[in-house]
Amino acid sequence: MTKPPRVCILYTGGTIGMKRTPNGYAPAPGFLGEQMATLTEFVSPALPPYEIIEFDPLLDSSNMTPADWLKIAHAVAAHDDEYTGFVVIHGTDTMAYTASALAFLLGGLSKPVILTGSQIPLCEVRNDAVENLITALLIAGNDPVPEVCLYFGGKLLRGCRAVKVNASGLSAFDSPNYPPLGIAGIDVVMNWSAISPPPAIEGRVTVENAASPLVGVLKLFPGIAPWMAENFLRPPLRGAVLEAYGVGSGPDHDDRLIQAFADASRQGIVIVSITQCRQGMVKLDSYATGSNLAKAGVISGMDMTTEAALTKLFYLFGMGFSTEKVKEQIAANLRGELTPARPAWVK
Ligand code: ASP
């Protein structure tokens, strides 16, 4: 028998619930819940029943760390039995990182976990908070999307494909390499063919206790000095996302720079190349400038976002995998974060 809808709001912070202070907007404990209790939209019987779990401290998401990703993942797992869906209220600045991390950290997810927030706080008369939160609650209560998603500005996106694309516009997120999972217009239209199927065996959601976030991001730019790469690509670093040009090109006329990548790979540092372009896929063998990076040990991150590639490395090393296993899993499509060259059924 299907359970009646009931949504758990995990309130972690962000602009949506902030208050004006002399230093600008800042999180204020209890303030979001107090406002919601007075607004007719949030007490409407058309909404699924919901409860708010407020995190302490509430954070501007610029202060989020991997420990906070784990705290959210554990809260989902702890309350999994009680609810039909979760809404994670979160600041927009690092929301795509948290959405990607949760996608990897939560195993066997059979219900929606939807991150949302707003660019303008709920306390302002003109805001995007009401629409974002109401629609996220409705989807979490009514649509059995077994994925970590991000709802913002009328679009339901796969969490591990989402990126923040606008610092000031209200349509602040997109998933350039994957279609939206749903669009909210007059009706909320779900794109079921783009949504992952539920786990084959329904059980409790699991949390991978990923520790030691010894991963980072290096962006290539014209004139990057080898010493910059050398200083970054050294133990205890275990994994690096390399934001390369186009389909994965990088400067290969600088032997010392290429040597820095080769030395790092030899020391077991996994270097994953993704594109600096908004859309498209890394293909290291297209140009000599990509092949030479591949010869130095750089591997393709296909069409993953920086956020997905970084949190995937964090998750894989957290699982305790060997360097070889991490490299193998980077190429695998674990949560819909990348577009495989061939679907799994093509032998
Ligand atoms: N700085 C805020 C945060 O990420 C921005 C926002 O929520 O829109 O928490």
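Refer to the structure printed above.
Everything in this summary refers to the structure shown in the same document. Quick caveat, the model's predicted, so the values are computed rather than measured.

How each quantity is defined
Note that residues are indexed from 1 along each chain, following the sequence as it is written. Owing to the predicted nature of the model, reporting of local features is limited to residues with pLDDT of at least 70; listing and counting of side-chain atom pairs is limited to 80 or more, with chain, interface and lining totals taken over all residues. The side-chain figures draw on all heavy atoms in the structure; neither hydrogens nor water molecules are used. Numbering goes from the N terminus for both helices and strands, where a helix is a DSSP run of H or I of at least four residues and a strand is a run of E of at least two. The globule rule used for comparison is 2.2 Å times the number of residues to the exponent 0.38, while the radius of gyration itself is calculated over C-alpha atoms. Throughout, exposure labels follow a simple rule: accessible area from a 1.4 Å probe, protein chains only, divided by the maximum for the residue type, with under 20% read as buried, over 50% as exposed, and the rest as partly exposed. Only heavy atoms enter the contact rule, under which two residues are in contact if any of them lie within 4.5 Å. Here the accessible surface of atoms and residues is derived via Shrake-Rupley with a 1.4 Å probe, and residues count as covered only by protein chains that are part of the display. Only four residue types enter the tally: Lys and Arg on the positive side, Asp and Glu on the negative side, with His and both chain ends excluded. Each charge is placed at NZ for Lys, CZ for Arg, CG for Asp and CD for Glu. Whether a residue is near a molecule or strand depends on its heavy atoms: if one lies within 4 Å, it is near. Under this definition, polar contacts are N or O atom pairs within 3.5 Å; protein pairs additionally need one hydrogen-donor-capable and one acceptor-capable atom, and for neighbouring residues in sequence, both atoms have to be side-chain atoms. Residues are sorted three ways: Asp, Glu, Lys and Arg are charged, Ala, Val, Leu, Ile, Met, Phe, Trp, Tyr, Cys and Pro are nonpolar, and all the rest, Gly among them, are polar. Each cavity reported here is a set of points on a 1 Å grid over the protein atoms alone in which a 1.4 Å probe fits but cannot get out, each pocket an open set with protein on both sides within 12 Å along at least five of seven lines, and each lining residue one with an atom within 4 Å of a point. Grid points are joined across faces, edges and corners, and a volume is the space filled by probe spheres set on the points. At least two bridges found by DSSP between two strands are what make those strands a pair. The handedness rule is simple: strands pointing away from the viewer, and a clockwise path from the first strand over the helix to the second, make the crossover right-handed. A pairing counts as a salt bridge when a side-chain nitrogen of Lys or Arg comes within 4 Å of a carboxyl oxygen of Asp or Glu. Working convention: axes come from line fits to C-alpha atoms, limited for helices to the stretch in contact. Angles between N-to-C directions cover 0 to 180 degrees.

### Overview of the overall build of the chain
Logical step 1: When helices and strands are counted, the chain shows nine helices and 18 strands.
Logical step 2: Computed over C-alpha atoms, the radius of gyration of the chain comes to 21 Å, within 12% of the 20 Å expected from 2.2 N^0.38 for 347 residues, which places it in the range of a compact globule.
Logical step 3: Along the first, second and third principal axes, the C-alpha set of the chain runs to 65 × 55 × 35 Å.
Logical step 4: With 347 residues in all, the chain has 52% of them scored as buried.
Logical step 5: Taking all contacts inside the chain whose residues are at least 6 apart in sequence as the whole, residues at least 24 apart take part in 74%.
Logical step 6: Carbon and sulfur atoms make up 57% of the accessible area of the chain, which totals about 15,300 Å².
Logical step 7: Counting 26 positive and 32 negative side-chain charges, the chain places the centres of these two groups 5 Å from one another.

### Thoughts on the site of the ligand
Logical step 1: Near the ligand the following residues occur: Gly 14, Thr 15, Asp 60, Ser 61, Gly 91, Thr 92, Asp 93, Ser 118 and Gln 119.
Logical step 2: Here an oxygen atom of the ligand sits 2.5 Å away from a polar atom, N or O, in the side chain of Thr 92.
Logical step 3: At 2.7 Å, a side-chain N or O of Asp 93 approaches a nitrogen atom of the ligand.
Logical step 4: Residue composition of the shell around the ligand, by class: no nonpolar, seven polar and two charged.

### Observations concerning the layout of surface pockets
Logical step 1: What the largest pocket holds in volume is close to 450 Å³.
Logical step 2: Around the largest pocket, the lining is made up of 20 residues, and of these Thr 84, Ser 110, Lys 111, Pro 144 and Glu 202 lie nearest the centre.
Logical step 3: In terms of residue class, the lining of the largest pocket is made up of seven nonpolar, six polar and seven charged.

### A word on the pairing of strand 16 (residues 239-244)
Logical step 1: In terms of burial, strand 16 is a largely internal element, six of the six residues being buried.
Logical step 2: Every second residue of strand 16 is oriented toward a common face, with Gly 239, Val 241 and Glu 243 on one face and Ala 240, Leu 242 and Ala 244 on the other, all of them buried.
Logical step 3: Relative to strand 16, strand 15 (residues 215-219) is paired through five bridges, and the arrangement is parallel. When the sheet's bridge partners are listed, Val 215 is paired in strand 16 with Gly 239.
Logical step 4: Each parallel crossover has a hand, and for strand 15 linked through helix 5 (residues 226-232) to strand 16 it is right-handed.
Logical step 5: The pairing of strand 16 with strand 17 (residues 270-275) spans six bridges and is parallel. Looking across to strand 17, one finds that Val 241 is bridged to Val 272.
Logical step 6: A crossover links strand 16 with its parallel partner strand 17, the connecting element being helix 6 (residues 255-266), and its sense is right-handed.

### A closer look at the pattern of salt bridges
Logical step 1: In this structure the tally under the stated criterion is twelve salt bridges.
Logical step 2: Arg 204 is the partner of Asp 81 in a salt bridge, and the nearest nitrogen-oxygen pair spans 2.5 Å. Here Asp 81 is found in the loop between helix 2 (66-79) and strand 5 (85-89), whereas its partner Arg 204 is found in the loop between strand 13 (188-190) and strand 14 (206-207), with 123 residues between them in sequence.
Logical step 3: A residue is classified by how much of its surface remains accessible, and Arg 204, at 46% relative accessible area, is partly exposed.
Logical step 4: For Asp 303, the salt bridge identified is with Arg 161, shortest N-O distance 3.2 Å. Separated by 142 residues along the polypeptide, Asp 303 in the loop between strand 18 (299-300) and helix 8 (306-318) and Arg 161 in the loop between strand 9 (155-158) and strand 10 (163-164) bring together distant segments of the chain. Note on accessibility: Asp 303 and Arg 161 belong to one class, buried.

### Remarks on the sheet that holds strand 4 (residues 50-59)
Logical step 1: One open sheet holds the eight strands; their spatial order is 4-1-5-7-8-9-12-13, and the pairing between them is mixed. In this open sheet, the two strands that pair with only one neighbour each are strand 4 and strand 13. Along the sheet, successive strands turn relative to each other by an average axial angle of 20°, direction set aside.
Logical step 2: Sheet topology note: the strand 12 (residues 182-184)/strand 13 ladder contains three bridges and is antiparallel. Residue Ile 183 lies in a different strand from strand 13, and its bridge partner there is Val 189.
Logical step 3: Against the sheet, helix 3 (residues 95-105) contacts strand 7 (113-116) and strand 8 (148-152), and its axis sits at roughly 155° relative to strand 8.
Logical step 4: Most of the contacts of helix 4 (residues 129-142) go to strand 5, to which it runs at about 160°, and overall it touches strand 1 (7-13), strand 4, strand 5, strand 7, strand 8, strand 9, strand 12 and strand 13.

### Side note on the sheet that holds strand 18
Logical step 1: Spatially, four strands are ordered 15-16-17-18 in an open sheet, and the strand pairing comes out parallel. Looking at strand neighbours, the two that pair on one side only are strand 15 and strand 18, the edges of this open sheet.
Logical step 2: With two bridges connecting them, strand 17 and strand 18 associate as parallel partners. For Ser 273, the partnering residue across the bridge sits in strand 18 and is Ser 300.

### A look at the environment of Asn 292
Logical step 1: Its location among the elements puts Asn 292 in helix 7 (residues 288-295).
Logical step 2: Each C-alpha atom of the pair Asn 292 and His 253 lies 9.8 Å from the other, and the pair is 39 residues apart in sequence.
Logical step 3: Setting aside residues up to four positions removed in sequence, Asn 292 forms contacts with Asp 252 and Ile 258.
Logical step 4: At 3.3 Å, the side chain of Asn 292 and the side chain of Lys 295 are in polar contact.

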